[in-house]
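Chain residues, written in single-letter form:
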Amino acid sequence: MRVTQEIVVVPHTHWDREWYEPFQRFRLRLVALMDEVLDTMEREPDYHFTLDGQLACVDDYLEVRPENRDRIVALVEAGRLAIGPWQILLDEFLCSGETIVRNLELGMDRADKLGGAMPVGYLPDMFGHTAQMPQILSLAGLTQACVYRGVPSSVVTDAFAWVAPDGTAVRAQYLPAGGYGNGAHLFEAPGRLLARAEEFVATMREWQGAAKPLLAMYGTDHSAPVRGLPEMVASLGARMDTLSGYIGASGVEGLPRVHGELRSHARANILPGVISVRAHVKQAMGRAERMVERYAEPLAALWGQSWPERFLDMAWWRLVDASGHDSVTGCGVDETAQQVAARIAEAEHLGQAVRDMVTSRLAATVPSGGILVVNPSPFPRTGVVLMDVAGTDPLVDAAGAPVPAQTLEYAPTLLLDEEMDPRLAFSFVHGTELYGQHITGWSIADGALIFRVAREAAGPFDVAEVSAALAEAEGEVTRVRIVAEARRTVAALVEAPALGHTSVRPGPPFSSGTSAGGHGRPPLGGGVRAEGQVLDNGLLRVEVAGDGTLTLTGPDGVTITGAGRVVDGGDVGDTYNHAPPALDRLVSEPESVEVSPVCTGPLVAALDVRRVYAWPKGSDVTEADGPADPLPSAARTEDVESVVVTTRVELRAGEPYVRLHVEFDNRCADHRVRLHVPLAEAAGTSFAEGQFAVVERGLTAEGGCGETPLATFPASSWVAAGGVAALLEHVTEYELVDDELALTLLRSVGYLSRNRNALRPEPAGPQLPTPAAQSRGARSVRLALMPYTGTWAAVPEAAEVFRHDVLTVPGTGDGDLPLPEPATGLTVSGEGVVMTSLRRRDGWKELRVLAMTGADTVARIEGDFTEARRADLRGRPGDPVDPGRLPLRAWEIATIQVR
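Residues numbered from 1 in each chain as written. Predicted model: local features only at pLDDT ≥ 70, side-chain atom pairs only at ≥ 80, totals over all residues. Heavy atoms only, no water.

### Topic: the overall build of the chain
In step 1: Looking only at helices and strands, the chain has 13 helices and 50 strands in total.
In step 2: What you see for the chain is a C-alpha radius of gyration of 30 Å, in line with the 29 Å of a compact globule of 899 residues.
In step 3: Seen along its three principal axes, the alpha-carbon backbone of the chain occupies a region of about 105 × 60 × 60 Å.
In step 4: Here the chain holds 899 residues, and the buried ones make up 60% of them.
In step 5: Taking contacts inside the chain between residues at least 6 apart in sequence as the whole, the part at least 24 apart equals 76%.
In step 6: Surface exposure of the chain reaches about 33,000 Å², of which carbon and sulfur atoms provide 51%. (Helix = DSSP H or I, 4+ residues; strand = E, 2+ residues; numbered from the N terminus. Rg over C-alpha atoms; globule rule 2.2 N^0.38 Å. Buried < 20%, exposed > 50% of the residue type's maximum accessible area, 1.4 Å probe, protein only. Contact = heavy atoms within 4.5 Å. Areas by Shrake-Rupley, 256 points an atom, 1.4 Å probe, with all protein chains shown as cover.)

### Considering the sheet that holds strand β25 (residues 541-544)
In step 1: Reading across the sheet, the 5 strands line up as β23-β24-β25-β26-β27 and stay open at both edges, with antiparallel pairing between neighbours. For this open sheet the edge positions go to β23 (529-531) and β27 (559-563), each flanked by a neighbour on one side alone. Within this sheet the neighbouring strands show an average axis-to-axis angle of 15 degrees, counted without direction.
In step 2: Bridge analysis of β23 against strand β24 (residues 534-536) gives 3 bridges, and the strand direction is antiparallel. What sits directly across from R529, in β24, is D536. (Pairing = 2+ DSSP bridges. Axes fitted to C-alpha atoms, helices over the stretch in contact; angles between N-to-C directions.)

### So, the pairing of strand β6 (residues 159-163)
In summary, the side chains of a regular strand alternate between the two faces of the sheet.
In step 1: Within β6, 5 of the 5 residues are buried, leaving the element largely enclosed by the surrounding structure.
In step 2: As paired strands, β6 and strand β7 (residues 169-174) are joined by 5 bridges and run antiparallel to one another. When the bridges of β7 are listed, A161 appears paired with R171.
In step 3: Where β6 folds back on β7, the antiparallel hairpin that results is connected by 5 residues, among which G167 adopts a positive phi of roughly 100 degrees.
In step 4: The pairing of β6 with strand β10 (residues 257-259) spans 3 bridges and is parallel. Opposite W162, over in β10, you have V258 as the bridge partner.

### A look at the confidence of the model for the chain
Segments scoring low in pLDDT should not have their predicted coordinates read at a detailed level.
In step 1: With 96% of its residues at a pLDDT of 70 or more, the chain has an overall mean of 93.
In step 2: Throughout residues 511-520 the model reports pLDDT below 50, and contacts reaching past four residues in sequence, or to other chains, amount to 13 contacts. (pLDDT = per-residue confidence, 0-100.)

### A few points about the nonpolar core
In step 1: Grouped together as the largest cluster of nonpolar side chains are 68 residues, with contacts concentrated most on W86, F160, W162 and L727.
In step 2: Apart from residues no more than four positions distant in its own chain, W86 is found in contact with G53, Q54, L55, I100, N103, L104, G107, G121, Y122, L123, M133 and L137.
In step 3: In this structure, L55, F127, V274 and A764 belong to the second largest nonpolar core, which totals 52 residues. (Core = buried A, V, L, I, M, F, W, Y, C linked by side-chain atoms within 4.5 Å.)

### Thoughts on the environment of A249
In step 1: By secondary structure assignment, the location of A249 is in the loop between α8 (243-247) and β10.
In step 2: With 194 residues separating them along the chain, A249 and L55 place their C-alpha atoms 22 Å apart.

### Topic: the side chain of R263
In step 1: Among the structural elements, R263 can be located in the loop between β10 and α9 (279-303).
In step 2: Buried charge without a salt bridge: R263, with E261 as the nearest opposite-charge side chain at an N-O distance of 4.9 Å.
In step 3: Those residues in contact with R263 that lie beyond four places of it in its chain are F93, F127, G150, I270, P272, R697, T712, F713 and P714. (Lys, Arg positive; Asp, Glu negative; His and termini not counted. Salt bridge = Lys/Arg side-chain N within 4 Å of Asp/Glu carboxyl O.)

### Here's the deal with unusual backbone geometry
In step 1: The residue after G84, namely P85, is reached through a cis peptide bond having omega 10 degrees.
In step 2: Note on placement: P85 falls in the loop between β3 (81-82) and α4 (97-112).
In step 3: Backbone torsion omega between G601 and P602 reads 15 degrees, so that peptide bond is classified as cis.
In step 4: Locating P602 in the fold gives a position in the loop between β29 (592-600) and β30 (604-616).
In step 5: Located in the positive-phi region is E474, a residue other than glycine, with phi close to 50 degrees.
In step 6: Mapped onto the elements, E474 comes out in the loop between α12 (463-473) and β20 (479-484).
In step 7: One non-glycine residue, F692, adopts positive backbone phi at about 70 degrees.

### Observations concerning the sheet that holds strand β31 (residues 640-652)
Within a sheet, each strand pairs with its neighbour through backbone hydrogen bonds, oriented either parallel or antiparallel.
In step 1: With antiparallel pairing, 9 strands are arranged side by side in an open sheet as β29-β30-β31-β32-β41-β38-β37-β34-β35. Either end of the sheet is taken by a strand with one partner, and the two such strands are β29 and β35 (694-697). Going from strand to strand, the sheet's axes swing by 20 degrees on average, the running direction of each strand aside.
In step 2: On top of the sheet, helix α13 (residues 795-803) reaches β32 (658-666), β37 (718-721), β38 (724-728) and β41 (777-787); it is set at about 30 degrees to β38, its chief contact.

### Digging into the pairing of β29
In step 1: Bridge count between β29 and β30: 8 bridges; the pairing is antiparallel. Bridge pairing in β30 links V595 to V609.
In step 2: Count of turn residues in the β29/β30 antiparallel hairpin: 3 residues, of which G601 carries a positive phi of about 110 degrees.

### Digging into the packing of aromatic side chains
In step 1: Scanning the model with the defined rule gives 15 aromatic pairs in all.
In step 2: Centroid distance W15 to F26: 6.2 Å. Interplanar angle 70 degrees. Geometry classified as edge-to-face. You can see W15 sitting in the loop between β1 (7-11) and α1 (23-43) and its partner F26 sitting in helix α1, a full 11 residues away along the chain. Here the two residues W15 and F26 agree in accessibility, since each one is buried. (Phe/Tyr/Trp six-rings, centres within 6.5 Å; stacked < 30°, edge-to-face > 60°.)

### Considerations on the environment of I88
In step 1: Topologically, I88 is positioned in the loop between β3 and α4.
In step 2: Spatially, the C-alpha atoms of I88 and G53 are 7.8 Å apart, while their sequence positions differ by 35 residues.
In step 3: The contact partners of I88, leaving out residues within four places of it in the chain, are R17, Q54, A56, N103, V320, D321, S323 and G324.

### Side note on the side chain of Q87
In step 1: With respect to the helices and strands, the residue Q87 is situated in the loop between β3 and α4.
In step 2: In this view, Q87 contacts Q54, L55, A56, D59, N103, L106, G107, R110, W317 and V320; residues no more than four positions away in its chain are not counted.

### Structural notes on the packing of α1 against helix α2 (residues 56-64)
In step 1: Remark: α1 packs on α2, axes separated minimally by 9 Å, with the N-to-C direction vectors making an angle of 90 degrees. Accordingly, the angle class assigned to the pair α1 and α2 is roughly perpendicular. Within the contact between the two elements, α1 uses F23, R27, L30, V31, M34, D35 and L38 and α2 uses C57, D60, Y61, E63 and V64.
In step 2: When grouped by side-chain class, the residues that make up the contact of α1 with α2 number 8 nonpolar, no polar and 4 charged. (Parallel < 35°, antiparallel > 145°, perpendicular 65-115°, else oblique. Nonpolar A, V, L, I, M, F, W, Y, C, P; charged D, E, K, R; others polar.)

### Observations concerning α4
In step 1: Taking 1.5 Å as the rise per residue, α4 with 16 residues should run 22 Å; its terminal C-alpha atoms sit 23 Å apart, in good agreement.
In step 2: Summarising burial for α4: 13 of the 16 residues are buried, a large majority. (Expected span 1.5 Å × (residues − 1).)

### Description of the environment of G546
In step 1: Note that G546 resides in the loop between β25 and β26 (550-553).
In step 2: Separated by 48 residues in sequence, G546 and E594 have C-alpha atoms that sit 8.7 Å apart.

### Points about α2
In step 1: Within α2, 7 of the 9 residues are buried, which leaves the element mostly enclosed by the surrounding structure.
In step 2: Burial in α2 covers these residues: A56, C57, V58, D59, D60, Y61 and L62.
In step 3: Elements that come into contact with the buried residues of α2 comprise α1, α3 (69-77), α4 and α10 (309-322).

### Regarding the pattern of salt bridges
In step 1: Tallied over the entire structure, the rule returns 54 salt bridges.
In step 2: Where E641 meets R667, a salt bridge forms, and the shortest distance between an N and an O atom there is 3.4 Å. Residue E641 is found in strand β31, and its partner R667 is found in the loop between β32 and β33 (671-678); the two are separated by 26 residues along the sequence.
In step 3: Its relative accessible area of 34% is what places R667 among the partly exposed residues.
In step 4: A single salt-bridge network, built from bridges that share partners, covers E98, R102, E297 and R848.

### Quick look at the packing of α9 against helix α11 (residues 334-363)
Axes are the key here: two packed helices are described by the angle between their axes and the distance separating the axes.
In step 1: With their axes 8 Å apart at the nearest point, α9 and α11 run at an angle of 30 degrees to one another. Judged on the interaxial angle alone, α11 and α9 are roughly parallel. Both α9 and α11 take part in a crossing whose hand is left-handed. The residues of α11 that touch α9, namely those facing V281, A284, M285, R287, A288, M291, V292, A296, L299, A300 and W303, are V340, I344, A347, E348, G351, Q352, V354, R355, V358, T359, R361 and L362.
In step 2: In terms of residue class, the contact of α9 with α11 is built from 16 nonpolar, 3 polar and 4 charged. (Left-handed = near helix turned anticlockwise from the far one by under 90°.)

Pasting the structure below:
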């Protein structure tokens, strides 16, 4: 047999932690695989194995087999078993940039305890790659990447220099001709080893010159090592190694350069429909990430006492676990999606617990009846804050100055008034609690036992005393009445310091004759008003048309007509790819429209727009096993459901955008619902924020592999094009089509993967039913629309304010306490500079900032500290810096530690 030294075989497994089976079912198979890996490697000393670049495989295994830890460490330290550097193989577009950082941090820290991480940013199966990944890897000390999906057709070699927006470049090993399984069939037929090896060499030599050995990734999904592999490799004259052993320390010199994100369909499917399927999971992920990274951690870092490390660690573990490329994507079975949703919910609950722990401590300094106001943004904010207060008095701040306020809603005061044996009411009482409030007093009058209740306790409640009084009344009391203190929901115009807090409280009426609806300093921009179907705050005018769409007019005359048109179309695709039926029917015109006022200003004005549509109930492609090619005749059903889409259109004083809250009950199947917003001017590109970058995208996507390259893209906190921006609460799919921005509100499908998908030539997974992916039931989406002129420079700050509500917490201190003085936590400023995280680490406050600009800039970080230094993404300290004047490159991610 001829031999060749041209091949380096890298045995590995690609381990989908959860997918077409839920996590624990896959783990049973993982334990068997890992047992075999360890046994085989110890029996065959030449065997090497690469464990998919994620520590989750090791952790999941050691939870079952803790006694095998030392065996793993020995193989890792010998350089034969490659682990890490990721904790989990994530989906890069469906989590925040900070979640990506924590994923890498967790994986590398865990790997260090087990012998060290593989020094390669292994990204074998992600559905495309984010623009800033080269900078993220480099800042963690990794100069090598390995990618498969998303690589553009311009790449014609097996390696390229992948360049982030800031100019950072890493060497990217591309996996052509089969991806991470390009060598999976080399050793299937021992009698044809040489022939298969020659075929492999002929294919791979097209991708690289003759000087370098060829990489054969020997493995595939959930594959175990083959016994006797070292002998078969040796018989070819090839050698075996890990992925990092093959790549070595090669640099980027002389390599072709590829800039930014990798989302091309030219070489492999990138399965873009995962962005919009199971939208409620994406909403939950966005909420949980904001709760942990923008509320819990910063507040605990600045205002907490002891650092709640374990609680925050648990929250991050759950977020990272949920970010898997078959997890948050929603492209697994329903049981997998349920488990992912549970992890996300736990992460949010942990973040809420830490947030509440810190704010309760601050609330103790605010007198009972007052309201603590906490600003989560790293700059001062003056804006409308919603809060619940007692009584009818106007609001005042710590200096006694009036605070403009508008009453939005009054809470009911009569909670119960019924004929009954009054002693029966004692069964309602638990300590001082009654009907969810606390008893503050009681009396007997006009044949009724009357309880007075409030949100806060006023002292103990003596049941015996009431019983004695009832006995004296000798049966004359036949009625029970529960009366709550007067409370109202108000919108107040509050000035809050950067990452700090202030407070307000109801005060006595002012002698000047002003009222609670309009006293004191004027609202921002002169306030907002509603007249008929028009809202106006001086910065933006919003008019509801007869069809329920909106006309938006900015102060400079920029006008957008027809915004908020709802379009429902068919989708006979699957959780991976949208596919319209051959006989599609779009529904965009409502059958009826009603507009009703909600509130009229001066701080908040809102209208409810109620549109009724007739949406087809489903499609005629519902069977798992049907004709060989049912798609050409697929159509939407003639039967329809009457669906009410209610949109709360809200304009606040001082805000240059209109808030929309869209709600409907999804009773249909196999369809996609999009919200269309016409552009103010024609645009050939869009700008979308996400993962430490703003990416410019065109009207088309590059195709080539067979998957239809739809120009649907992800946006995290905002997307802007042609003079209009959409501010978003979670990752949202969008498309520029016919000079409109189309935002996907819902995509309902019934299969994990269809064997026949009109827009994808081969299955993406097994054809399994996923009825929960139809997302039936009540659905709601919050977003905002903002006209703008020129560049998108004003959009990031607007998105920051829209996405991060100011917190309000009832005061719990002594009622005679004065309101505490406002306090600033930490300020971050500078042209294009944004803060992405803030936490404590090893006695330092560590914050991460991004230069969200195409030009070099200067960050200014101000606070109560005397030392500052740079750090890498793993928190390892670097050089001292002046935080008051910190130079940043365009698009630079910088980690700063202060104390």
